[in-house]
Structure formats: structure tokens, C-alpha cells
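Summary of the model geometry
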Amino acid sequence: MMDFPGSYQRPIERVVLLGFMCSGKSTVGESLARRLGWSFVDFDVEIEKVEQRPVWEIIESRGEEYFRALEADLTEAASQQRYLVMAPGGAWITRPELLDRLRVGTLSIRLMVSPEETVRRLREDSIARPLRDEVDPTGTVAAMMADREQLYRLADVAVPAEGRSVEDIAFEIEQVVRTRRSAFGLAT
């Protein structure tokens, strides 16, 4: 785990998981929420429920800006909740102002996975995702990750998420949350 310095003037009430697609945000988020006894929201799943169609269809029919506006609305709603673990989509971080909306009381965690592992997970995933049907998307994934690197560095904590179990990663993040909450004299 790499911990980035930051000011923690309020206790942690929310956790937002950042990372490229297939980095484990949804599976780790569900596990972390269960471990903490908090609620969990997967942004893509929530948007699909409201729109009653898959993300790819929303973007195809209404455009990416429409989808990003839905993410922004969901972010605003989440910023008002307490005891919440969030798993936004992989490109959510390309609008860093959304992270700024969550900052106070929110711990941001970057899940780090290599381009090669991302492609391996992408091939095994049952969800229709961009790049999945390319012959070898590794170069494209690496380039996209490199383009987003400065944005990923906005996270408070970076956690390696490759070659580890979901429970191991969730446990590590849980310990960070509980330690920081106990610094405020709060029950963990």
C-alpha cells in the first residue's frame, strides 16, 4: 500500500475506489462495504437500473456526455451519504472535479493493476466492455492508463490489486479506514 499525504480534517464517511476498468472496483467495493457494515453503490449498475439499459447502449444512443452527466448526478447524491463505498466507472476519474465533490469525509483508494492483467481480466469478464473484442488491446490499455496516471495520483491511497484475493485487498483498505476513523475517536 502506498499512502499519499493529505489533510484528514474530518472522519472518513465514504470510500471511493478508483482504477481502470477491470481493476476490481466492484468486487473489492462489495467486499469492503460488507466488512465495514456500510452501503455499496456500483455507479454503472445504478445507472443501468435507472436508465433500464446497459451502459454501452446508453453511450451509443445518448452519447458519452449524457452518461458522464448521469455519473455526476450520482456523485452528487453520494456526496450527501454517510457510510458508503462507491465504485464508479473506470473513466470517472477523467473528470477530477467529481473527486473534489467527494473530498470532505471521503477516502479515495486507487486499485493498481498492470495493462497485461487488465487485458487478462477483460477477456474473462462477462460484461460487454470497450476494447474486449480487440485482438490485442494491451497497447491501447497501457496508453490509456498512462494518460490517466496523473489523475490516478489524486487518490489518497494506492493499493496493489494484482495477484491478490479480493478479501485481502478489502481487508487492507478496511484497516486504513478503521485506523483513520479511530483517530477521530469514532467506533470502527
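Residues numbered from 1 in each chain as written. Predicted model: local features only at pLDDT ≥ 70, side-chain atom pairs only at ≥ 80, totals over all residues. Heavy atoms only, no water.

Notes on the overall build of the protein
This is how the line gets drawn: Under the scheme used here, helices are H or I runs from DSSP no shorter than 4 residues and strands are E runs no shorter than 2 residues, and both carry numbers assigned from the N terminus. It only takes one pair of heavy atoms within 4.5 Å for two residues to be counted as in contact. Surface accessibility follows the Shrake-Rupley procedure with a 1.4 Å probe radius. Residue values consider only the protein chains on display as shielding.
The number of helices and strands found in the protein is eight helices and six strands. Overall, the protein shows an N-to-C arrangement of helices and strands of β-β-α-β-α-α-α-β-α-β-α-α-β-α. Taking the intrachain contacts of the protein between residues at least 6 apart in sequence as the baseline, contacts between residues at least 24 apart amount to 73%. Carbon and sulfur atoms make up 51% of the accessible area of the protein, which amounts to about 9400 Å² in all.

Some points on the environment of Glu13
Here is the rule we go by: We call a residue buried when its accessible area falls under 20% of the maximum for its residue type, exposed when it is over 50%, and partly exposed in between, using a 1.4 Å probe and counting protein chains only. Under the rule applied, a polar contact is a pair of N or O atoms within 3.5 Å (in protein, one hydrogen donor and one hydrogen acceptor; residues adjacent in sequence only if both atoms are side-chain atoms).
One can find Glu13 in the loop between strand S1 (2-3) and strand S2 (14-18). Since its relative accessible area comes to 9%, Glu13 is described here as buried. C-alpha separation for the pair Glu13 and Val85, spaced 72 residues apart in sequence, amounts to 8.9 Å. Not counting the four nearest positions on each side in its chain, Glu13 is found in contact with Trp38, Arg82, Tyr83, Leu84 and Gly105. One polar contact links Glu13 to Arg82, side chain to side chain, over a distance of 3.2 Å.

Here's the deal with the confidence of the model for the protein
Stated precisely, the cut-off is as follows: pLDDT is a per-residue confidence score from the predictor, ranging from 0 to 100.
Per-residue confidence for the protein gives a mean pLDDT of 88, with 86% of residues at or over 70. Mean pLDDT across the elements of the protein ranges from a minimum in S1, with 47, to a maximum in strand S4 (residues 84-87), with 98. Every residue in residues 2-8 is under pLDDT 50, and counting partners more than four places away or in other chains gives 16 contacts.

Side note on the pairing of strand S5 (residues 106-112)
We count it as follows: We treat two strands as partners when DSSP finds at least two bridges between them.
Counting buried residues in S5 gives six out of seven residues, a clear majority hidden from the surface. Relative to S5, S2 is paired through five bridges, and the arrangement is parallel. By the bridge assignment, Leu17 is partnered in S5 with Ile109. Pairing of S5 with strand S6 (residues 157-160) involves four bridges; the strand directions are parallel. Looking at S6, one finds that Arg110 is bridged to Ala158.

A closer look at helix H6 (residues 115-124)
Within H6, burial applies to Pro115, Glu117, Thr118, Val119, Arg121 and Leu122. Close packing links the buried residues of H6 with helix H7 (138-152).

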